[in-house]
Amino acid sequence: MKRALITGISGQDGSYLAELLLAKGYDVHGLVRRASIEDASRQLAKLGPLQEQITFHPAALENELSLYKLIAKVKPDECYHLAASSFVSYSFEEESSILTTNFSGTHFLLASLKEAVPDCRFFFAGSSEMFGTVDAAPQNEATPFNPRSIYGISKLASHHLVRNYRNQYGLFACTGILYNHESPRRDFKFVTRKITAQAARIKMGLDDTLYLGNLDALRDWGYAPDYVQGIWQMLQHDVPDDYVIASGVNHSVQEFVNCAFSHLGLDYRAYVKVDPRFYRPAEEVPLRGDASKIRQILGWQPTKPFEAIVAEMVDHDLSLLT
Ligand code: G4F
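Residues numbered from 1 in each chain as written. Predicted model: local features only at pLDDT ≥ 70, side-chain atom pairs only at ≥ 80, totals over all residues. Heavy atoms only, no water.

## Observations concerning the domain arrangement of the chain
Accessible area lost upon the coming together of the parts serves often as the stated size of an interface.
Next up, step 1: For the chain, the domain assignment lists domain 1 (3-181 + 221-245) and domain 2 (187-219 + 250-286 + 304-321).
Next up, step 2: Listed per partner, the contact involves 17 residues of domain 1 and 18 residues of domain 2.
Next up, step 3: Regarding the contact of domain 1 and domain 2, the summed buried area is about 1500 Å², with carbon and sulfur atoms giving 59% of it.
Next up, step 4: When the area that domain 1 buries against domain 2 is broken down by residue, the three leading residues are F87, W221 and Y223, summing to 52%.
Next up, step 5: A salt bridge links E283 to R148; its shortest N-O distance comes to 3.1 Å.
Next up, step 6: Summed over the shared surface of domain 1 and domain 2, the number is five residue pairs in polar contact (both at pLDDT 80 or more). (Domains from an automatic or database assignment. Contact = heavy atoms within 4.5 Å. Buried area = accessible area lost by both parts, 1.4 Å probe. Salt bridge = Lys/Arg side-chain N within 4 Å of Asp/Glu carboxyl O. Polar contact = N/O pair within 3.5 Å; in protein donor to acceptor, adjacent residues only side chain to side chain.)

Below is the structure:
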């Protein structure tokens, strides 16, 4: 039986990955903050009844010694590093903590694996934000990186670490360059879930306005369970490598809003207001991924189109209210 350690197991991707690995017969371990174990009914809610089948370990990504001890104790065959401070909008005060959690956390994990379990296969959740301000779309594994946020910088620096540990120390370490991926388990601060949750509230007569930032912003939105499948496939391949995972299609925030409200029989124009607090400038060239490499080499393919993802999220949020 293979043993997997997942950081960020309580999040959207972590919960889908735990589900996938348990279904494949893995012994699944999750690194979580102590507060998550103490407040399990809320903080581990995305895992539902699967919680019973998972071994949780309280540890902080910022603490190298506790990570080393955990790795040496669990001795995983595969380690999926999904945990991160993942909200791109940040304030100056948060820069140090984002860098520490995202970059040092990745470093401590890699260093611990190299010392304690060098044969463990390692996945790192990179981001399209590593490309940042780009000259051309779509982007692929050969596109130059030019991050524009501290989040993107922390992910890119970690990606270089992953490559360094692969090339210098022979670790089976891979980065998935993940574009936006959504589902009913997405956190409410991200625009898609903010839209579907509020659209459901408006439909139920519980609210009448949705405040958003830039409606013209374009994103490449895919389906989280599909991306988790790709993540798993990366660690099953013969050789470690880095892959873009993306839908390859851009939609605007306005298109997402329209799709969500239309699904509920509502005209979004009656409810949506732009609030400068949520505004981020649009990119001149949008982030749109070219996933040809993972499609060709690993046979990965997305299963759910944009409209179906939006519909699933809206239906889920409506069901929470009814
Ligand atoms: O949903 P978002 O906050 O996601 P963002 O910034 O693209 O980041 C997500 O995807 C990245 C790439 O995969 C990940 F690395 C990252 O961890 C995260 O998962 O914003 C999406 C777009 C932006 O262009 C933003 O300007 O929506 C626009 N937007 C417009 N109004 C808004 C809002 N975003 C948020 N969060 N809230 C708004 O009211």
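Moving on from the model shown.
## Here's the deal with the pairing of strand β2 (residues 27-32)
Next up, step 1: In terms of burial, β2 is a largely internal element, five of the six residues being buried.
Next up, step 2: Across five bridges, strand β1 (residues 3-7) lies against β2 in parallel orientation. Considered in β2, the bridge of L5 is made with H29.
Next up, step 3: Assessed by its sense of winding, the connection that carries the chain from β1 through helix α1 (residues 12-23) to β2 is right-handed.
Next up, step 4: Pairing of β2 with strand β3 (residues 55-58) involves four bridges; the strand directions are parallel. Across the sheet, V32 pairs through a bridge with P58, a residue of β3. (Buried < 20%, exposed > 50% of the residue type's maximum accessible area, 1.4 Å probe, protein only. Helix = DSSP H or I, 4+ residues; strand = E, 2+ residues; numbered from the N terminus. Pairing = 2+ DSSP bridges. Right-handed = clockwise from strand over helix to strand, strands pointing away.)

## Comments concerning the site of the ligand
Next up, step 1: Around the ligand sit 22 residues in total, of which S86, S127, K194, R219 and R280 are the nearest.
Next up, step 2: Contact distances for the ligand include 2.9 Å between an oxygen atom and a backbone N or O atom of V191.
Next up, step 3: A distance of 2.8 Å separates a nitrogen atom of the ligand from a polar atom in the backbone of G213.
Next up, step 4: Computed on the free molecule, the ligand has an accessible area of 720 Å², of which 96% lies beneath the protein chains in the complex.
Next up, step 5: Built from parts of two domains, the shell around the ligand gets at least three residues from each of domain 1 (3-181 + 221-245) and domain 2 (187-219 + 250-286 + 304-321). (Near = heavy atom within 4 Å. Areas by Shrake-Rupley, 256 points an atom, 1.4 Å probe, with all protein chains shown as cover.)

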